[in-house]
Amino acid sequence: QLQRWPDRASEIAKNPITPKLVEQGLWSLSMAMMLIENGRFLVKDITSESLNRKPIRISEIVEECFSTLNALRNEKSIVISKKITGAPPSVMNGDILLMRTAILNLVDNALKYSRWYKKVHWMLEYREKSYRFSITSASGVIKEGDKKRLFKMYSRGQQSDRLNQRHGTGLGIPVTMRILAAH
């Protein structure tokens, strides 16, 4: 059977649905990883002193997160647009793994709560000694009373389109807030 492996691999590679299956597999693994990471960061204190600070390229982290969640973007036919302004500061340090978890949570929410066939826009503004990342999706308006609630643990938003809903855990935003506060 081992001799047949190259033939089988060639068959798999030629199959037109293979890229979609690989993309969906990557997405599923990233969701599992995000659940594990979010849970880990809820039980572990995240302080400025506990960060493993190294030089980071935040734009690459954002691009990687969008790539990881490409299956969800494709499923909902969401268009991604971006704008990067300014020049990166000479020194940009942060905990790469924690920052990736925070950005992945934000991107996941933007895609999950965006309506089908709409646009998600992200912007990265480099400043003299810092940067500002923002992400906007075409989703329902968050009511004023719900804004504070969404930052609490286990609180979930409502998906406006009701199609193929993937409910969240309510951990992403609180974990992201803890990571950003430590930075």
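1. Considering the packing of helix α5 (residues 96-113) against helix α7 (residues 172-182)
Phase 1 of the analysis: Relative to each other, α5 and α7 sit at 145°, their axes nearing to 9 Å. Every pair of crossing elements has a handedness; the one defined by α5 and α7 is left-handed. Counted together, Leu-98, Met-99, Thr-101, Ala-102, Asn-105, Leu-106 and Asn-109 of α5 and Gly-172, Ile-173, Val-175, Thr-176, Ile-179 and Leu-180 of α7 form the full contact between these two elements.
Phase 2 of the analysis: Classifying every residue of the contact of α5 with α7 by side-chain character gives eight nonpolar, five polar and no charged.

2. Here we look at the pairing of strand β5 (residues 131-137)
Phase 1 of the analysis: Across seven bridges, strand β4 (residues 119-126) lies against β5 in antiparallel orientation. Opposite Glu-125, over in β5, you have Arg-132 as the bridge partner.
Phase 2 of the analysis: What sits between the antiparallel neighbours β4 and β5 is a turn of four residues.

3. A look at the pattern of salt bridges
Should their charged atoms come close, side chains of opposite charge can pair.
Phase 1 of the analysis: According to the stated counting rule, one finds five salt bridges in the structure shown.
Phase 2 of the analysis: Note that Glu-63 is salt-bridged to Lys-82, the shortest N-O span being 2.4 Å. In this pair, Glu-63 is assigned in helix α3 (residues 58-68) and Lys-82 in strand β2 (residues 79-85), connecting sequence segments 19 residues apart.
Phase 3 of the analysis: The salt bridge involving Asp-108 is made with Lys-112; its shortest N-O contact spans 3.6 Å. Taken as a pair, Asp-108 and Lys-112 lie in helix α5 at a separation of four residues, close to a single helical turn.
Phase 4 of the analysis: Residue classification places Asp-108 among the buried positions, given a relative accessible area of 4%.

4. Thoughts on the packing of aromatic side chains
Phase 1 of the analysis: Summed over all chains, the structure comprises three aromatic pairs.
Phase 2 of the analysis: Measuring from centroid to centroid gives 6.0 Å for Trp-116 and Tyr-117, while their planes differ by 55°, and the two rings are tilted.
Phase 3 of the analysis: Members of the aromatic cluster, joined through ring pairs, are Phe-66, Trp-122 and Phe-133.

5. Digging into α5
Phase 1 of the analysis: Taking 1.5 Å as the rise per residue, α5 with 18 residues should run 26 Å; its terminal C-alpha atoms sit 26 Å apart, in good agreement.
Phase 2 of the analysis: A side-chain oxygen of the first residue of α5 lies 3.3 Å from the backbone nitrogen of Leu-97; this N-cap is Asp-95.

6. So, the confidence of the model for the chain
Do not read the predicted coordinates in detail wherever pLDDT is low.
Phase 1 of the analysis: Of the residues in the chain, 72% have a pLDDT of 70 or more, and the chain-wide mean is 79.
Phase 2 of the analysis: Of all the helices and strands in the chain, helix α1 (residues 5-14) carries the lowest mean pLDDT, 64, while β2 carries the highest, 96.

7. Details of the sheet that holds β4
Phase 1 of the analysis: With mixed pairing, the three strands of this open sheet are ordered in space as β2-β4-β5. With one partner strand each, in any of the chains shown, β2 and β5 form the two edges of the open sheet. Pairwise comparison of adjacent strand axes, ignoring direction, gives a mean angle of 10° for this sheet.
Phase 2 of the analysis: In this structure, β2 lies alongside β4, joined through seven bridges in parallel fashion. Its bridge partner lying in β4, Lys-83 is registered against Met-123.
Phase 3 of the analysis: Packing against the sheet, α5 makes contact with β2, β4 and β5, and its axis sits at approximately 25° to β5.

8. Concerning the packing of α3 against α5
Phase 1 of the analysis: Between α3 and α5, whose axes approach to 9 Å, the crossing angle comes to 50°. Judged by the angle between their axes, α3 and α5 are oblique. Taken as a pair, α3 and α5 cross one another with a handedness that is right-handed. Counting all contacts with α3, which are made through Ile-58, Ile-61, Val-62, Glu-64, Cys-65, Phe-66 and Thr-68, the residues of α5 involved are Ile-96, Met-99, Arg-100, Ile-103, Leu-104 and Val-107.
Phase 2 of the analysis: Residue classes in the contact of α3 with α5 are distributed as ten nonpolar, one polar and two charged.

Each value, and the rule that gives it
Residues numbered from 1 in each chain as written. Predicted model: local features only at pLDDT ≥ 70, side-chain atom pairs only at ≥ 80, totals over all residues. Heavy atoms only, no water. Axes fitted to C-alpha atoms, helices over the stretch in contact; angles between N-to-C directions. Helix = DSSP H or I, 4+ residues; strand = E, 2+ residues; numbered from the N terminus. Left-handed = near helix turned anticlockwise from the far one by under 90°. Contact = heavy atoms within 4.5 Å. Nonpolar A, V, L, I, M, F, W, Y, C, P; charged D, E, K, R; others polar. Pairing = 2+ DSSP bridges. Salt bridge = Lys/Arg side-chain N within 4 Å of Asp/Glu carboxyl O. Buried < 20%, exposed > 50% of the residue type's maximum accessible area, 1.4 Å probe, protein only. Phe/Tyr/Trp six-rings, centres within 6.5 Å; stacked < 30°, edge-to-face > 60°. Expected span 1.5 Å × (residues − 1). Polar contact = N/O pair within 3.5 Å; in protein donor to acceptor, adjacent residues only side chain to side chain. pLDDT = per-residue confidence, 0-100. Parallel < 35°, antiparallel > 145°, perpendicular 65-115°, else oblique.

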